[in-house]
Amino acid sequence: MKKIIYVAFLLLSVNSLFAQDYTHSLGIRLGSGYYDNVGIAYKTFVTDAGAIEADLGFRGYNKHGYKWTNVSLAGAYQHHFPIGKIENFNWFVGGGLVLANSFSDYDERDGVSLGIFPTGGVEYRLKNAPFVFSADIRPTFHIVEANDYHNSTYVNAGLTARYVF
């Protein structure tokens, strides 16, 4: 029993080393993905080191006379770790899901898609201002693919700026 208490205490102590100094943030994510080149990004910490990020993304297309719009909702769990002794600078890893819909008058560009992705990146919170900036990468693999216009795998890299509240 003493060993269990000791291990629990040790885990809680280590987890507190990764504590963030904010709970919620809201801003904009610029991405390179098929479904989102601009989006609204919300992030909340559910534990000291664990966060949930949700993104509502948009992307419009106009290629070869075809016009269509993609709308996506992505959600990811991220676990944060400090980078050296640099205050407010962390790296994170995690994973999530993306649900997207393509709106078009052309059947080959229309429909719902579902994908999964691992994620990783870095995040920095300004010391004297309520802003946090991050860069991430999300290689996405489709489980359900609405159309055959794009590949079933793509890399989505993003830059995010959020206001902390």
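Bear in mind the structure is a predicted one, so any value in this text is a computation, not a measurement.

A.B. asks: Can you lay out the sheet that holds strand E5 (residues 89-104) for me, pointing to particular residues and giving the numbers?
C.D. replies: Backbone-to-backbone hydrogen bonds join strands into a sheet, with any given pair of strands oriented parallel or antiparallel. Taking strand neighbours around the barrel as the criterion, the eight strands line up as E1-E2-E3-E4-E5-E6-E7-E8 in a closed arrangement whose pairing is antiparallel. Each neighbouring strand pair of the sheet contributes to a mean axis angle of 25°, computed without reference to strand direction. Of the pairings in the sheet, the one linking strand E7 (residues 131-144) to strand E8 (residues 153-164) comprises 11 bridges and is antiparallel in character. Residue pairing across strands places Phe-141 opposite Thr-153, the latter belonging to E8.

A.B. asks: Hey, could you go over the packing of aromatic side chains for me, with residue numbers and the actual values?
C.D. replies: For any two aromatic rings, the description comes down to two numbers: the centre-to-centre distance and the angle of the planes. If you walk through the whole model with that rule in mind, you get six aromatic pairs. Ring geometry for Phe-81 and Trp-91: centres 4.6 Å apart, planes at 25°, overall stacked. Pair noted here: Phe-81 is in strand E4 (residues 66-82) and Trp-91 is in strand E5, with a separation of 10 residues, a long-range link. Classification of Phe-81 by relative accessible area gives partly exposed; the value is 22%. Its relative accessible area of 37% is what places Trp-91 among the partly exposed residues. Between Phe-131 and Tyr-163, the aromatic rings sit 5.7 Å apart at their centres with planes inclined by 70°, giving edge-to-face as the arrangement. With Phe-131 in strand E7 and Tyr-163 in strand E8, this residue pair connects regions lying 32 residues apart in the sequence.

A.B. asks: Please give an account of unusual backbone geometry that cites residues and values.
C.D. replies: Although it is not a glycine, Asn-88 sits at a positive phi angle of roughly 65°. Its place among the elements puts Asn-88 in the loop between E4 and E5.

A.B. asks: Before we move on, could you go through the confidence of the model for the protein and cite the residues and values that matter?
C.D. replies: On average, the protein scores 86 in pLDDT, and the residues at 70 or more come to 84%. By mean pLDDT, the top-scoring element of the protein is strand E2 (residues 38-45) (98), and the lowest-scoring one is helix H1 (residues 2-17) (46). Across residues 7-18, confidence stays below pLDDT 50; counting only partners more than four residues off in sequence or on other chains, it has 10 contacts.

A.B. asks: Residue-level account of the side chain of Gln-78, with values.
C.D. replies: Within the secondary structure, Gln-78 is located in strand E4. On the basis of relative accessibility, which here comes to 0%, the residue Gln-78 falls in the buried class. For Gln-78, the side chain forms a polar contact with the side chain of Glu-53, separated by 2.9 Å. Residues in contact with Gln-78, not counting those within four places in the same chain, are Lys-43, Ala-49, Gly-50, Ala-51, Glu-53, Phe-92, Val-93, Gly-94 and Thr-119.

A.B. asks: Give a description of the side chain of Ser-113 that names residues and reports values.
C.D. replies: By the element assignment, Ser-113 lies in strand E6 (residues 111-125). Among the polar contacts made by the side chain of Ser-113, one reaches the side chain of Tyr-35 at a distance of 2.9 Å. Excluding its chain neighbours within four sequence positions, the residues that come into contact with Ser-113 are Tyr-35, Val-98, Leu-99, Ala-100, His-142, Val-144, Glu-145 and Ala-146.

A.B. asks: Please provide a residue-by-residue account of the pattern of salt bridges, values included.
C.D. replies: One pass over the full model with this rule turns up eight salt bridges. When the shortest N-O distance is used, the salt bridge between Asp-136 and Arg-29 registers 2.6 Å. Remark: Arg-29 occurs in strand E1 (residues 24-31) and Asp-136 occurs in strand E7; sequence separation between them is 107 residues. Taken as a pair, Asp-136 and Arg-29 share a single burial class, namely buried. The salt bridge involving Glu-123 is made with Lys-43; its shortest N-O contact spans 2.6 Å. Of this pair, Glu-123 sits in strand E6 while Lys-43 sits in strand E2; the two residues are 80 residues apart in sequence, bridging distant segments of the chain. Neither Glu-123 nor Lys-43 differs from the other in exposure class; each is buried. Through salt bridges that share partners, Arg-29, Asp-36, Glu-53, Asp-55, Asp-136 and Arg-138 make up one connected network.

Thresholds applied
Residues numbered from 1 in each chain as written. Predicted model: local features only at pLDDT ≥ 70, side-chain atom pairs only at ≥ 80, totals over all residues. Heavy atoms only, no water. Pairing = 2+ DSSP bridges. Helix = DSSP H or I, 4+ residues; strand = E, 2+ residues; numbered from the N terminus. Axes fitted to C-alpha atoms, helices over the stretch in contact; angles between N-to-C directions. Phe/Tyr/Trp six-rings, centres within 6.5 Å; stacked < 30°, edge-to-face > 60°. Buried < 20%, exposed > 50% of the residue type's maximum accessible area, 1.4 Å probe, protein only. pLDDT = per-residue confidence, 0-100. Contact = heavy atoms within 4.5 Å. Polar contact = N/O pair within 3.5 Å; in protein donor to acceptor, adjacent residues only side chain to side chain. Salt bridge = Lys/Arg side-chain N within 4 Å of Asp/Glu carboxyl O.

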